[in-house]
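Observations on the three-dimensional arrangement
Take a look at the letters that make up each chain.
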Amino acid sequence: MSRIKNYNNRLENLRTERSSFINHWRELSDYHLGYRGRFLTSGRNKGYKRNTRVMNNTSFLATRTLASGMMAGITSPARPWFKLQAPDREMNDYAPVKEWLHRVERMMYRVYSQSNTYNILHTLYGDLGVFGTPSMGVYQDYKNVIRCQSNPVGSFMLATNGQDEVDTFYREYDRTVAQIEKQFGIDNVPVYIKELWNNNGSEQWFTCVHVIEPNDDRDTMSP
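Details of the overall build of the protein
- Looking only at helices and strands, the protein has six helices and five strands in total.
- If you list the helices and strands of the protein from N to C, you get α-α-α-α-β-β-β-β-α-α-β.
- Principal-axis analysis of the C-alpha atoms gives the protein an extent of 60 × 55 × 40 Å.
- Buried residues in the protein amount to 31% of all 223 residues.
- In the protein, once contacts between residues fewer than 6 apart in sequence are set aside, the share between residues at least 24 apart is 57%.
- Accessible surface computed for the protein: about 15,700 Å², of which carbon and sulfur atoms make up 51%.

Considerations on the side chain of D127
- Within the secondary structure, D127 sits in helix α4 (residues 117–131).
- Residue D127 is classed as buried on the basis of its relative accessible area, which comes to 3%.
- In this structure D127 touches L33, R36, G132, T133, P134, S150 and N151, once residues within four positions along its chain are discounted.

What about the pattern of salt bridges?
- Here the structure, examined in full by the defined rule, presents four salt bridges.
- The salt bridge involving E213 is made with R10; its shortest N-O contact spans 2.9 Å. In this pair, E213 is assigned in the segment after β5 (205–212) and R10 in helix α1 (residues 2–33), connecting sequence segments 203 residues apart.
- Linking R103 and E99 is a salt bridge whose minimum nitrogen-to-oxygen distance equals 2.8 Å. Separated by four residues within a single helix, R103 and E99 lie in helix α3 (residues 95–114), roughly one turn from each other.
- Take R103: its relative accessible area is 54%, and that puts it in the exposed class.

Section: the pairing of strand β1 (residues 136–141)
- Inspection of the sheet shows β1 paired to strand β2 (residues 145–150) by six bridges, in the antiparallel sense. Looking at β2, one finds that V138 is bridged to C148.
- Counted between consecutive antiparallel strands, the loop separating β1 from β2 contains three residues.

Some remarks on the environment of R18
- Residue placement: R18 occurs in helix α1.
- R18 sits 129 residues away from R147 along the chain, and the two C-alpha atoms are 28 Å apart.
- With residues near it in sequence (within four places) discarded, R18 still touches W25, G154, S155, F156, M157 and E172.
- Of the polar contacts made by the side chain of R18, one reaches the backbone oxygen of G154; its length is 2.8 Å.

Section: the packing of aromatic side chains
- The full count for this structure, using the stated rule, is eight aromatic pairs.
- Considering the side-chain rings of W81 and Y109, the 6.4 Å spacing of their centres and the 85 degrees angle between planes classify their relative orientation as edge-to-face. With W81 in the loop between α2 (58–74) and α3 and Y109 in helix α3, this residue pair connects regions lying 28 residues apart in the sequence.
- Judged by its relative accessible area of 27%, W81 is partly exposed.
- Arranged with centres 6.0 Å apart and planes meeting at 20 degrees, the rings of F156 and F169 form a pair that is stacked. Note that F156 is positioned in strand β3 (residues 156–160) and F169 in strand β4 (residues 166–176), a separation of 13 residues in sequence. Neither residue differs from the other here; F156 and F169 are each classed as buried.
- Each member of the aromatic cluster is reached from another via a ring pair, and the members are W81, F82, Y109 and Y112.
- One cation-aromatic arrangement involves R171 over Y173; the distance from NZ or CZ to the ring centre is 4.1 Å.

Looking at the packing of α1 against α4
- Where α1 contacts α4, the axes come no closer than 10 Å and their chain directions differ by 125 degrees. Looking at the two axes, α1 sits oblique to α4. At the point where α1 passes α4, the crossing takes the right-handed sense. Together, W25, L28, S29, H32 and L33 of α1 and G126, D127, V130 and F131 of α4 make up the contact between the two elements.
- The class makeup of the residues in the contact of α1 with α4 is five nonpolar, three polar and one charged.

Reading guide: rules and limits
Residues numbered from 1 in each chain as written. Predicted model: local features only at pLDDT ≥ 70, side-chain atom pairs only at ≥ 80, totals over all residues. Heavy atoms only, no water. Helix = DSSP H or I, 4+ residues; strand = E, 2+ residues; numbered from the N terminus. Buried < 20%, exposed > 50% of the residue type's maximum accessible area, 1.4 Å probe, protein only. Contact = heavy atoms within 4.5 Å. Areas by Shrake-Rupley, 256 points an atom, 1.4 Å probe, with all protein chains shown as cover. Salt bridge = Lys/Arg side-chain N within 4 Å of Asp/Glu carboxyl O. Pairing = 2+ DSSP bridges. Polar contact = N/O pair within 3.5 Å; in protein donor to acceptor, adjacent residues only side chain to side chain. Phe/Tyr/Trp six-rings, centres within 6.5 Å; stacked < 30°, edge-to-face > 60°. Lys NZ or Arg CZ within 6 Å of the ring centre and 35° of its normal. Axes fitted to C-alpha atoms, helices over the stretch in contact; angles between N-to-C directions. Parallel < 35°, antiparallel > 145°, perpendicular 65-115°, else oblique. Left-handed = near helix turned anticlockwise from the far one by under 90°. Nonpolar A, V, L, I, M, F, W, Y, C, P; charged D, E, K, R; others polar.

Below, the structure is given as structure tokens:
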């Protein structure tokens, strides 16, 4: 419980740090990206108009052009955009190493093309151009190896370490009881979630918090 308490305390502190940016992000979202941005978890599944301030689609087109240009220039699905190499440069000329790197490279391109990676990257570049800080999660997927997810600005918080490197990520998102059970398994959820699941409460909503922090207590000698 002490760990959960520490997470909740830090979550509140990060919300406070982020709060001064919310109004700026709302305006940027309204004028440039329409429905992007998630500033309240209670705003789920709301179909009301959010782009009532927009006079024409010039800004939307400019954002889409920027995202498409970055996509084509950085991570184009139509051509190779990265190459694997060994840390030791001399190993890159060793035939077995070259063959292994080439095969892994091909496998990675295949995984990216068969998953939703490129769709999410395009969305990510739009967020980068408008808000300056995008966020994407990469998760295991039984069908496509990986599944990517773009986290809207306003739904996540970041923190840095002493070297100004981002090492902490907090995200708030809503899930129904059924979705929570599907994601984590019924044996890994709180008792009240189990009770709702067993008593036809599968569509009730809860706010989840996704926390990524450095594991400073890890055993560095563990395999």
